Each structure stands twice: as structure tokens, then as C-alpha cells.
Amino acid sequence: MKHHFRRLAAAALALTVLSGLFVLPVWADAPSQTLTILFTHDTHDQFYPDAADKGGYVRLATLLKEQRETPTEYANSVEFLWPTVTLDAGDFSMGSLFQTVYTTDAPELRALGAMGYDVTTLGNHEFDYRMDGVTQMLNSAVEKWAEDHPAERKLPDGSIANLSQTGTLPKIVLANYKPPQDAAEAWAAWNNYPITDYVVIEKEWPNKGDAHNAEVEPIRIAVFGVLGVDADACAPMSGMEFEPIADAAKRVVAEIQQKEDADFIICLSHSGTEDGEGEDYALAKAVDGIDVIISGHTHTTLPEPILVNNTVIVSAGARTQNLGRLTISKKVSPDHTLSVGEYKLLPVDDSISPDPEMEALAASLQADVEENFLDAYGLGYNQVLTHVNGTDFTVAETGDLIGNAYIQAVKELEGDSYIPVDFAVVPDGVIRDILRTGPVTTAHAFDVLSLGSGVDGSPTYPLVSVYLTGADLKNAFEVDASISARMSAAALYGAGMHWTYNPNRMILDKVTYAVQQTGDGGTAPLRDDQLYRVVADLYSGQMLGAVEGQSFGLLTVTPRDENGELVTDLESRILKQDDGNELKAWYALASYLEGQGSVVPPPPSKTVRASWNPIELLKNPGAPTLILLAVLLVLALLVAFTVRFALRRIRGGRSAYRPYRGK
């Protein structure tokens, strides 16, 4: 408490002296502390602007420098420069060719450090190369930073002094997602970096050196990190141990409040919000004492903050499309009420000049990518593979073209031994970008299918081959038709099959037509007990088992081998080249594009026909519709029985009633 009173007195004195220079806004009735937060999340290795000329670290670096010197703006045109902290809420990796040197060069953490980020956390995509990949990346980050700064050799915990240049590695916080106790190598890297539950950083006032406010003490900011339930589900091979985020947050907030004398408590949450709610909304409701949640994972863009339980939740969108800027004021007493003074989402676009230092780092890392990854494929980073004429592809058109690319890749791989692929499936969740008008480069093709790693640890997911019955395929189409409206990642595209559905029909009974597309341009009906060869990327194959959960146990999709036996180890079904290397999904796309002068959208894999016609709603009813009709029939009979019983009671009562008339 003495610390707070001393700070308040000094601040009040300083502001009184400065009153001739600044007119400060009054956000609250009591004395307050104020902080500006610059934030991002889900930046996904976006070193350069994307194919739509948006974002890029090279521009973001410039914008960050400018914003740290930009006063906060208010409605009454008063401006003031407050202490500023720069934060990131995870998924800084996996999204471009730079991720291919993730384990050896740690390009993302080095870039965040060069841009002056104070703290970040780990998202699910940091575990795409599994626990071993994170371990290697953390060790490489420390080693590479020491190589880049031989005179300083300052580690993230600040244990080694003598920093003569700006920029160090950002601190990493993560309270609820940790290696198992017996994972010695992972823990060694965890502690070497180090990664902690929370950190407390101090930010000086920008004009600290002025004689007017030389006694003003720095703002103390406690920052902790958590990773949510869905994010954990999206990292099925992480090998990490998960603690519920609310439990971890309560534990950490209590420790901070007991030990740290922090002015603000900020949570970097890789959990997300959706439609104004979601896991981070629930976190804010469940845990008192969090001032700000920077909400990553769902790629949400919040044009206005969400305020719940005296906690401000903010999101700026993915892939460096925006830089978030939040200035908050907090009453010191009695109730620590927060006020939002400014909230902006600043576009990272072509109006911003690239930062020369970040361009130099990106160029150096690009050379590493070409030498250590692309040379093996005979491709260059900026090599033009094909052109898209006309308009940008939609996600559906991109997915259907990828399906055709998978089929061609398997044909080329197997040659004379080729077994026809009946369906190449591409879920929306693995499509990270669309094909856009103009030249399509190697880098752009990689961006489209940039997720994951193989069993051998090499970048991106390989293709797998399994067999599904016709009944399983119909179930998959039902999940696409019923679930994708509320979970876009579950939407299916591809080549070799076609299905039609009516979105107005009963859930899990929306598909009205499903056929196999034969090679001669014709179609054939799906037979429930027939096996069909299906190709997908490894991650999508692993998600097949989730169909039962998504369909509330009504539907299943069971991978089998060519003999109809259940496949329990999907990794054993990875398609490999003659040299033993995995056939990668991204390379299947790149090879397909390289063989064509230009590309146009293929015929669609599915058709949506919305109708409220009762015949269309009820024809060929499946189990869900039959169950619903049965329930409605039972309810109708119960109502009819109840009404009839009530009427009989009323009539019976009247016939038994005889008014007393006396003698």
C-alpha cells in the first residue's frame, strides 16, 4: 500500500506541474493509473505482406515504432503519451515458408524481439512440430539471439546485462499448458528460455527524464498466459499436459495479487471469442482480477472491446492485418474500476513503409528457407508457378482445386501401380489462404497449405490414404451440411464426389443426393457397404474420429485399409515417395499449379439447394428426421389424450352435479 500511496503522490505532483502543458482527460472520479497496450495475435509467420498485399512484419515493425511515440487521442482532442507495453497472444508461427526453419532458426521469436515485443504466449500452432519441435525452437531462439548479439548475450529473463542495441527475445508466459514431468529435454528448454506462468514488467513514463516528473514511478504490469480447450484439441500431437484455464487463471491471479504489487494484470489467452462470447468470455466471468484479456486463437476481429466482470477483452484479427491499440485507466481505489480511453485497430497496409532492419532480417531468413528447404524441391521462394485470371478463388473453389491436385499427385507417385482415388477431401480448417488473381508463387502455394509437420518432423502435413464405406462418406457429407454453418473449419471440399443438401432440413439429415464422379464425366450412386479410397492430409485424417462427437454420437466415420480392416495407426498410411520422403500436401498443390499456364475454378464438389417445400423437407427421411417425427407423433398423441381426458372429466362433473333446491 505504501508503494501505491507514494506513487500516487508523486504522480499527482508531476501532473500538477505539467498542467500548463497538458490537459488530462478525467475518466474516473478517483486517482488512476493509465497504460497503453499495443497487441497482436495469430500472426502466423507473416514476415511479408500476403497475396492481397495486407500485413507483414516488415510493415508492422514500422507501425509499432510510430505508435510507441503516438499520444493517446480522446474525443475532446486532448493527447497524452502514456507508458506502453507490446504484447502478443500466440500462434506466431505456422503460416508461411518461414516456418520451415522454425526448429533451427526460431524466426518468429527473433522477429518479435526485433520489433520490441515485451511478452508473448504459445498457441496451438507452436506445437505443430510436436513437443520436440517446440523444444528445438526454444533452444535455437536463445542460441541464434546470442549469435546475432555477441556483445550483449542477454537472455529473456534479463540475467545478462550490457545490452547496447535495442531488441531482445520476448518473454514467454504460459500457466496451464506444460510438458509432462518426465519430459526432461522439454523442461530443460522451458527453463533455459525461460517460460514462466507470469512475468512482471515495469514501464517508465515516456517523459521520465523531465525534471517535472522525475519522481514518478514506473507502471508495473503482470502478464500471464493460458491456452484454451479448443486450442488444445487443435494440437492433438502436442504431448502437453492441460490444466483448465479458469483454474490456472485463479491460481496465478491470486499469486500476483499476493506477491507482486502490480498496477495491471493482463492475460494473453489463446482461447478465443466467438459471436461476442466463447472461452475468453467465460474466463472473464469466472475469474476476478483480470484487467485485460488479449484473445487469440479464433482469429476474431473485435471492432469494440467486450467488457465483462470489470475485464476488457480485445482481439485484432489474424496475420498482422491490424495492430491493436488499447489505452485503459484504472481507479486505484476503492473498486479498481477500468475505463477504456482509446481503442483502435490500425490497418497494416501499403500506406506503411517497410522497416529496413526487419527487411534485412526477413531477407536473411528467406535465404535460409531456400537453402535448407526449397532447394530439395527444386523451387524458388518467389518462383511463379501459374496465374489466376479473373477474380480471386473462393475458399470452396480453392478446396476443390486442392482435391484435384491431391489426386494428380497420387497418380504421379504410384504410376503404373496407381489405385484410383475415389475422393480427395480438403476440410476448410486446413486451407489457410485462397488462390488470388495474378501470379501464384511458391510462397503463396505454401501459404495455402502451410499447417503441421510430418511424423519425421519435416514441415507441413503429408498425405494419407485410407478407405471409407459409402455409408461413412454419406455421414461425412451430413457433418459438412449440418455442422459447417456453426463451425466453418468442418466444411468439406475436394474432388471425386458430389453431394447436394438442403440447409432447411433436419440437422444431420440435410443431404438429399450423393454420388461418385466417375472418370468419364458420369456419376455412380454410393453403395453403403462398398469401400472407397480416400486421400487427405494427416491432420484431416486424424480428425475423422471427431465426427461421432460433432454429430452427438449419431454418425461415425471409420478409416479402414484396402481389406476393410480398421486402421488404428493413421501414420502408417502416409504416402511416401521412392526416396522415403513423405508426400506433402503443399507440394502436391505446388506441382499441380506448376504444370498449368493458368488455373480456373473446377466444378463444385457440392450444391446447396435451400427449400421450405414440405415434400423436400421430408422426402427420403433419415434417422434424425424419423426420430423427430416419432417424437412429434408421441407428443401429439399425448396432447390428444390429455385433451380428451380433460373433456371427459368436465362432462362427467357436470352430469354428477345436482343443485340443492330444498323441500
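Look up: the structure comes first, before these words.
Heads up: these notes are all about the structure in this document. Note that the coordinates shown come from a computational prediction; the quantities given were computed from them, not determined experimentally.

When its secondary structure is counted, the protein shows 18 helices and 28 strands. Burial statistics for the protein: of 663 residues in total, 54% are counted as buried. Look at the contacts in the protein between residues 6 or more apart in sequence, and 75% of them connect residues 24 or more apart. Summed over all atoms, the accessible surface of the protein reaches about 29,200 Å², with 53% contributed by carbon and sulfur.

This part is about the environment of Lys 65. Here Lys 65 is to be found in helix α2 (residues 57-68). A residue is classified by how much of its surface remains accessible, and Lys 65, at 41% relative accessible area, is partly exposed. Lys 65 sits 290 residues away from Asp 355 along the chain, and the two C-alpha atoms are 9.4 Å apart.

Let us now look at the side chain of His 41. Along the chain, His 41 falls in the loop between β1 (32-40) and α2. Residue His 41 is classed as buried on the basis of its relative accessible area, which comes to 0%. In this structure the side chain of His 41 is engaged in a polar contact, spanning 2.7 Å, whose partner is the side chain of Asp 42.

Note on pairing: side chains with opposite charge can pair once their charged atoms come close. Enumeration according to the criterion identifies 23 salt bridges in this entry. Asp 392 serves as the salt-bridge partner of Arg 436, at 3.6 Å between the closest nitrogen and oxygen. A residue pair is termed long-range when its members are at least 10 positions apart, and Arg 436 in the loop between β19 (423-427) and β20 (438-441) and Asp 392 in the loop between β18 (384-388) and α11 (395-414) qualify at 44 residues. Taking relative accessible area as the criterion, Arg 436 reaches 17% and is therefore assigned buried. For Asp 392, a relative accessible area of 34% gives the class partly exposed. Across the pair Arg 533 and Glu 414 runs a salt bridge whose closest N-O atoms are separated by 2.7 Å.

In this structure, Pro 194 follows Tyr 193 across a cis peptide bond, with omega equal to 0°. Position of Pro 194 among the secondary structure elements: in the loop between α6 (184-192) and β8 (195-196). Although it is not a glycine, Asp 45 sits at a positive phi angle of roughly 60°. As for its position among the elements, Asp 45 is in the loop between β1 and α2. Classification of Asp 45 by relative accessible area gives buried; the value is 0%. The backbone phi angle of Leu 508 is positive, close to 65°, even though this residue is not glycine. Its place among the elements puts Leu 508 in the loop between β23 (497-501) and β24 (511-517).

For the rest of this paragraph, the subject is the nonpolar core. In this structure, Leu 109, Met 115, Leu 138, Tyr 406 and Leu 593 are the most contacted members of the largest nonpolar core, which totals 123 residues. Residues Ile 37, Val 85, Val 226 and Ile 266 belong to the second largest nonpolar core, which totals 51 residues.

What follows is about the packing of α2 against helix α10 (residues 356-372). At a minimum axis separation of 8 Å, α2 and α10 run at an interaxial angle of 155°. Classified by the angle between their axes, α2 and α10 sit roughly antiparallel to one another. Along this stretch, α2 crosses α10, giving a crossing that reads as right-handed. Across from Tyr 57, Val 58, Ala 61 and Lys 65 in α2, the residues of α10 making contact are Glu 357, Met 358, Glu 359 and Ala 362. Partitioned by chemical class, the residues of the contact of α2 with α10 number five nonpolar, no polar and three charged.

This paragraph deals with the sheet that holds strand β28 (residues 606-608). The strand order across the open sheet built from four strands is β25-β24-β23-β28, with neighbouring strands paired in mixed fashion. Edge positions in the sheet fall to β25 (523-525) and β28, since each of these pairs with one other strand and no more. In this sheet, neighbouring strand axes are inclined to one another by 25° on average, regardless of whether the strands run parallel or antiparallel. Two strands pair when backbone bridges link them, and β23 and β24 are joined in this way by five bridges, in the antiparallel orientation. Counted as the bridge partner of Tyr 501 is Val 511 from β24. Most of the contacts of helix α13 (residues 470-483) go to β23, to which it runs at about 50°, and overall it touches β23, β24 and β28.

The next point concerns the side chain of Thr 36. Its place among the elements puts Thr 36 in strand β1. Apart from residues no more than four positions distant in its own chain, Thr 36 is found in contact with Thr 72, Trp 82, Pro 83, Thr 84, Val 85, Arg 325, Leu 326 and Thr 327.

Of note, Glu 69 is situated in the loop between α2 and β2 (72-73). By relative accessible area, which is 58% here, Glu 69 ends up exposed. Sequence-wise, Glu 69 and Trp 82 are 13 residues apart; in three dimensions their C-alpha atoms are separated by 9.5 Å.

One open sheet accounts for six strands, arranged β9-β10-β12-β13-β15-β14; its pairing is mixed. Where the open sheet ends on each side, the last strands, each with one partner, are β9 (198-203) and β14 (306-308). Neighbour-to-neighbour, the strand axes of this sheet turn through a mean angle of 25°, independent of strand direction. Direction of pairing for β14 relative to strand β15 (residues 311-314): antiparallel, over a ladder of three bridges. The residue of β15 that forms the bridge with Ile 306 is Ile 313.

This brings us to the packing of aromatic side chains. In this description, a pair of aromatic rings is defined by centroid distance and the angle of the planes. For the coordinates displayed, the defined rule picks out 21 aromatic pairs. The interplanar angle of 65° and the centroid separation of 6.0 Å between the aromatic rings of Phe 98 and Tyr 381 together place this pair among those described as edge-to-face. With Phe 98 in the loop between β4 (84-88) and α3 (102-105) and Tyr 381 in the loop between α10 and β18, this residue pair connects regions lying 283 residues apart in the sequence. When sorted by exposure, Phe 98 lands in the same class as Tyr 381, which is buried. When the ring of Phe 477 is compared with that of Trp 499, the centres are 4.2 Å apart and the planes differ by 5°; the resulting orientation is stacked. With Phe 477 in helix α13 and Trp 499 in strand β23, this residue pair connects regions lying 22 residues apart in the sequence. With a relative accessible area of 0%, Phe 477 lands in the buried category. Here Trp 499 falls in the buried class, since its relative accessible area comes to 0%. Joined through ring pairs, the aromatic side chains of Phe 47, Tyr 48, Tyr 57, Phe 98 and Tyr 381 make up one cluster.

Bringing α10 into the picture now. Spanning 17 residues, α10 covers 24 Å between terminal C-alpha atoms, matching the ideal 24 Å at 1.5 Å per step. Within α10, burial applies to Met 358, Leu 361, Ala 362, Leu 365, Gln 366 and Val 369. Looking down the long axis of α10, one finds its buried residues gathered within 140° of arc, a one-sided arrangement. In α10, the exposed positions angled more than 90 degrees off the buried face are occupied by Pro 356, Glu 357 and Glu 371. Summarising the contacts, the buried residues of α10 are in contact with α2, α3 and α4 (107-114).

The rules we used
- All residue numbers refer to position in the chain's written sequence, counted from 1.
- Only residues with pLDDT of at least 70 are given local features in this predicted model, and only at 80 or more are side-chain atom pairs given and counted; all residues enter the totals for whole chains, interfaces and linings.
- Working from all heavy atoms in the structure, the side-chain values ignore hydrogens and water.
- By the criteria applied, helices consist of DSSP H or I runs no shorter than four residues and strands consist of E runs no shorter than two, each listed in order from the N terminus.
- Only protein chains enter the area calculation, which uses a 1.4 Å probe; residues under 20% of their type maximum are buried, those over 50% are exposed, and those in between are partly exposed.
- By definition, residues are in contact when any of their heavy atoms lie within 4.5 Å.
- Where accessible areas are quoted, they stem from the Shrake-Rupley method and a 1.4 Å probe; at the residue level, only the protein chains shown are allowed to cover.
- Residues adjacent in sequence count toward polar contacts only when both atoms are side-chain atoms; beyond that, a polar contact is any pair of N or O atoms within 3.5 Å, and within protein one must be able to donate a hydrogen and the other to accept it.
- By definition here, a salt bridge exists when the distance from a side-chain nitrogen of Lys or Arg to a carboxyl oxygen of Asp or Glu is within 4 Å.
- We define the nonpolar core as a collection of buried residues of types Ala, Val, Leu, Ile, Met, Phe, Trp, Tyr and Cys that are connected through side-chain atoms lying within 4.5 Å of one another.
- Orientation is described by axes fitted as lines to C-alpha atoms, over the contacting stretch for helices, and by angles from 0 to 180 degrees between their N-to-C directions.
- Angle categories are assigned with fixed cut-offs, so that under 35 degrees is roughly parallel, over 145 is roughly antiparallel, 65 to 115 is roughly perpendicular, and the rest are oblique.
- The sense of a crossing depends on the near helix, which, turned anticlockwise from the far helix by less than a right angle, makes the crossing left-handed and, turned clockwise, makes it right-handed.
- In the scheme used here, Gly and all other residues not listed as nonpolar or charged are polar, with Ala, Val, Leu, Ile, Met, Phe, Trp, Tyr, Cys and Pro taken as nonpolar and Asp, Glu, Lys and Arg as charged.
- In short, DSSP must find at least two bridges between two strands for them to pair.
- Side-chain rings of Phe, Tyr and Trp, where Trp is taken by its six-membered ring, are said to pair if the distance between their centres is within 6.5 Å; with planes under 30 degrees apart they count as stacked, over 60 as edge-to-face, and otherwise as tilted.
- Expected helix span is computed as 1.5 Å times (number of residues minus one).
- Summarising the geometry, the arc corresponds to the directions from the helix axis toward the C-beta atoms.

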